[in-house]
Structures are given as C-alpha cells and as structure tokens.
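Next come the chains, spelled out residue by residue.
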Amino acid sequence: MAIRAFFRRLFSSEPARRALVASFIVMLFLGGVQLRRWTGEKTRHVRFQHDIVNGFYWGSETLAEARKLSPDGSSGESWSAFFRGYLALYDRVRDDAYEKDYGLDYPPLRLLVMSVWAKQVRSEFPGVDDGRPKLVNPLLKMNLLCELISAVAIFFLVRFWVRRSACATRSPFLGGLPPRHRAFICGLAAASVAWLEPSMILDAHGWPQWDVWIVPFYLFAVLAALKNRWFLCGALLAAGAMFKGQLLFVAPFFVLWPLWQKRWTRALRMLTGFVATAALIVSPWLLRTPVAWLAVATVAGLSSLFLLRRGLLHRSAWIAGVIGCAAFVIGAFTGGSFSWLQIGFVYGSEHYPYLFISSCYNLPSLLSNVGWSLKDPFWSVHVGSLHFDLTLQWTLRLLYLGALALCARGVARHMRHRDPRALIAIAAPWLLMFALLGQMHERYLMWGAVISAVALGVSVRLSMIHFIISAASTLMIVHVMLIDKKLEATLPAIDLLNNVRPYASGLVLACVAVCLWNMLSTRIPVLQRRQADSARVPSLSLGPEPEEA
C-alpha cells in the first residue's frame, strides 16, 4: 500500500512526472549506447569476422566493376561510375558463376549500403587489407539507429493498444493510474526492454551482423496497417525486404490480416504499395532502354487518366500499383535484367540446403537429431505414371503458412474486440518462422525476441515468455561465436551449449506454443466495455483512420 501511495503522489505532480520520465529516458538511452560500446570491446576476441569481410568484399567488387566500366582510371572513382558498377554487378556475378553458385546473396539496398561503405573505407585507407576491413563504425552506427527506431516503434505500438483496450495489465502498481498514464508506462517498459535486448545488442555490435535493419520496417508497417494506411504498409515491407529478404517470410501476414476482416481492398492496397515500391527500387535493372521508359510513361498517363475520371477512393494507390505492375511486365519483354531477383532473393533460399544452420533451438533441429534431412520425402503420391514427393522442406513451409493464417485471424479478431492479445499475434509470425521453418540461422530468433517485447503490454505471464525467448536467442548467438574461434578457455562452455540444445529446442517450442494458445484462445476479454468506449486513440498518427465502406 505504501508503494502504491508513493507512486500515486509522484505521478499526481505533472512537473515531477515529466522530469522523472525525461531523466529516465536520457539515462536509458545513454546506458544503452554505453552497453553497446562495452559489448563491442569485450567481444573483440570472438568477433565473427566473416560477415564483415564478406560485406567489404562485395562492396569492393562494386568499385572494381566501376573502374572496369570507366574509360579511364580517374573517372572510375566518381559517383556516376560507382552507380554504373553497382547496377552491373549482379549481371557480372550471374555470368561468371559456376553452376549457379553466385556467392553474393545481397538484395539491392543491402548491396548498395555495403558498396557505399567500401567506397568510404577505401577513400580513407587506400591500401586496406581485404581480410581486415577498417572503419566498421558507420555500419555499427546504422545498427544503432535501427535499434533506436525499433524501440520507439514498439513504444508507440504498445501505447496504442493499451489505450485502445484500456486494460492491458492487472499490475497492482498500475491499477490506480488513469488509462493514459498506464498506456505510457507499458509502452515505455516495452521500449526499454527492446532497447536493452541482449541478443539484438550482441548480434548488432558483438557479431556484428545487419539483421536489425528490417525490424523498424516491420514495426512501422504494423502501425501503418493499424491506422488503415495499407499502401504505406506494403511500401515499408518492400523497402525492408530490399535490405534483408527474410522479411518476405512474414509479408503474407499483412495480406491474410485484412482478408480475415473481409476487407479485400485493404489487401490489394497493401500489394499495390509493395509492388510499386519494389518496382521503383529495381527499375534501373528492369528498364534499360528508352523504349521501356516510354512504355511505362504511357501506361502511367493512361491509367492516371482513366482512374482519376472514375473518382475511386485511394486512386493514387491504384495508379501506383498499375505503374509498378507495368514496370515488371515491360521489363520482362524489353530485355530488362532480373539478376537482382535471382541472386538477391532466390539464391539465398537455396544457398544452405540444410534443416538448420549452426546451433538452432527449433523443430528442424529436433527433426535432424532423429535422422531427417531437408529434402527427404515426407509424403508421396502415385497417380498412374506421375509421381509426386512432398519434401520435409515444403511440409514445414506449409505448416508455417497455416500458422501464419492463424496469426492473421487472431489479430483480426482481437482488433474487433479491442483485445490487447493482438500484440501477441503481431509478434507471433517471427517466432513461428524460426520455430517451424528449415534453413534458419541461429540469429533469426533475434527478430522474435525484440518484437515479443510487446508482451509487456499484455500480461506478466507472456512477459516471462519474452525473457525466455530472449535468453535462448542470446545463447545461440554466443554458441556460434564461441565455436568460430574455439578458444581453449571456452571449450567447456561450447560442450555445455551442445548438450543443452535439444532441451532448449523443446523449451523454445513450448514458449511459442503458449503464445499461439493465448493468441487463439476464446476466453472472455479482460477489458471492460465502459473503459474501452471511453478510451481515446493515442496521438500517434500515420494518417487518417476512417474505414472505407
């Protein structure tokens, strides 16, 4: 009672409350930055150097291609030459590859970032060793920026749902607070946990990798969908996928979500945003001739004239979608290059034909322990002379797709009832992707660990699930970093982590099952209708929210 009274007196004073919150946020931010610096310094001896070297190598290949295509050596250092080399690299790698073993698996925007970074490094260190690239700080700062944006997005997302449901937690410390303050505290708690997520910090600053780049795109795509900005949602997903193709695994969630709500125009607007943005990014490869550009301009003019005269809602979205589709079709018929698709996306899905990579706590890891492999036939059908094998790989993909449909159904139903469990449905696709799909790297649970921080806006029990997922994700990354160096002092830890992998896999699957059960259960919502009706939508605005007829 004394603690409750203290918090009540503290939050009753507006100046004191604002000063306390501002001080906490500043300390949290500075502490997180310092923790990242400390992680980078303390993990230097076990740093996974291969990904840094690989990124620098392909960035340097862009520069080499630029010099090759330049008429003289001096012009090869210009930005115009740089972009010529960047646009030509995919075709050169495809033509030089032996049996479609490209080596390069970067989508266009990720390749662009690595190429700009390599150009900067070589301009400051002309004789830098390819195996030991210097000046990695620009990439680490980009990681830091994406981590900060992700924490901010989680704050807005949790605050939105807590205020919308008006009852997301039964904590005795928050029960006496008004809904507005309760929503702010839950959002700040979730953002703090996400900002200090250990597996994300280790992945981005200890490994380091660039997996965190796609997290802000996903979170803001969710926010855009909640605000009925489906075109923006699709555009964010397309842009994020151009940095990391794994975002495409959860993209169907945003198509199935409005379909469960029987709002098919929303799904179409999401697809138009996705197609239009993707076409815009890859248009330099698709449209290589003046005829191709002229054809796209003609389609743009005719479609604009037709759709504007019809007076349809969201006509700008439909026009953009038509132009995007036209760009892909015209590119296919006018000699446009699709090497960016073959190398940046398709090759990555075929590069590692294994049930799991390194050390993974998931279902494929357990299946591998009992003798299964990725391409083993799971089910066979004979129809006359025809023979069809459904491999384990496709069985797991279909299982995941079915689970993804359940996630979409869950978020659609919880939105209708203003139930905070919609937050779990939003995080579940990343957890299910890692738990069920083959060919997963150990780092990929990091996405689920970060986004599942939204559970702090739902219940204490589900918050505990988040921390278990976070610990498992951190252990897998530590395990692989230790295996890579195999220092004598770390051998006992490596043996221990090898032995606990089956048990940890079962624990992760159990946690994912609990999240799925809570998302799909039909228990009576804990919210009170009177509170929900009086709750106001948070001030975050990505645009108008009215529903179309």
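These figures come from a predicted structure and were not determined experimentally.

Participant: Can you walk me through the pattern of salt bridges in this structure?
Facilitator: Evaluated as defined, the whole model comprises 11 salt bridges. When the shortest N-O distance is used, the salt bridge between R92 and D96 registers 4.0 Å. Placement of both R92 and D96 in helix α4 (residues 79-96) is noted, with a separation of four residues, approximately one turn of the helix. R421 serves as the salt-bridge partner of D419, at 2.9 Å between the closest nitrogen and oxygen. For the pair D419 and R421, a shared accessibility class is recorded, and that class is buried. Connected through salt bridges with shared partners, the residues E61, E65, R92 and D96 form a single ionic network.

Participant: Would you explain unusual backbone geometry in this entry?
Facilitator: Note: most residues except glycine have negative phi, and most peptide bonds are trans. Geometrically, the link from W207 to P208 is a cis peptide bond, its omega value of -20 degrees lying close to zero. Mapped onto the elements of the fold, P208 is located in the loop between α8 (198-206) and α9 (215-226). Phi is positive for N228, which is not a glycine, with a value near 65 degrees. In this structure, N228 sits in the loop between α9 and α10 (230-241). Unlike most non-glycine residues, K262 shows phi in positive territory, near 60 degrees. For K262, a relative accessible area of 75% puts it in the exposed group.

Participant: I keep staring at helix α21 (residues 491-520) and nothing clicks. Help me out?
Facilitator: Note that an α-helix has 3.6 residues per turn; residues three or four places apart therefore point the same way. Given a rise of 1.5 Å per residue, 30 residues ought to cover 44 Å, and the 43 Å separating the end C-alpha atoms of α21 matches this to within 8%. The largest bend in α21 is about 50 degrees, located at R501, with the proline P502 one to four residues further on. All of the buried residues in α21 are I494, L497, R501, A504, S505, V508, C511, V512, C515, N518 and M519. Here the buried face of α21 lies against α16 (363-369), α17 (392-417), α18 (422-436) and α20 (460-485).

Participant: Would you take a moment to explain the packing of aromatic side chains for this structure?
Facilitator: Any two aromatic rings considered together are summarised by their centre-to-centre distance and by the angle between their planes. Applying the stated criterion to the full structure yields 27 aromatic pairs. Ring geometry for Y218 against W430: centres 5.3 Å apart, planes inclined by 80 degrees, an arrangement best described as edge-to-face. Pair noted here: Y218 is in helix α9 and W430 is in helix α18, with a separation of 212 residues, a long-range link. This pair shows no difference in class: Y218 is buried, exactly as W430 is. An aromatic cluster is present here, built from Y218, W230, F253, F254, W257, W430, Y444 and W447 joined pairwise through their rings. Over the ring of W161 we find R164; its NZ or CZ atom is 5.2 Å from the centre of that ring. The aromatic ring of W260 is capped on one face by R409, whose charged end is 5.9 Å from the ring centroid.

Reading the values: the criteria
Residues numbered from 1 in each chain as written. Predicted model: local features only at pLDDT ≥ 70, side-chain atom pairs only at ≥ 80, totals over all residues. Heavy atoms only, no water. Salt bridge = Lys/Arg side-chain N within 4 Å of Asp/Glu carboxyl O. Helix = DSSP H or I, 4+ residues; strand = E, 2+ residues; numbered from the N terminus. Buried < 20%, exposed > 50% of the residue type's maximum accessible area, 1.4 Å probe, protein only. Expected span 1.5 Å × (residues − 1). Bend = angle between axes of the 7 residues up to and from the residue. Contact = heavy atoms within 4.5 Å. Phe/Tyr/Trp six-rings, centres within 6.5 Å; stacked < 30°, edge-to-face > 60°. Lys NZ or Arg CZ within 6 Å of the ring centre and 35° of its normal.

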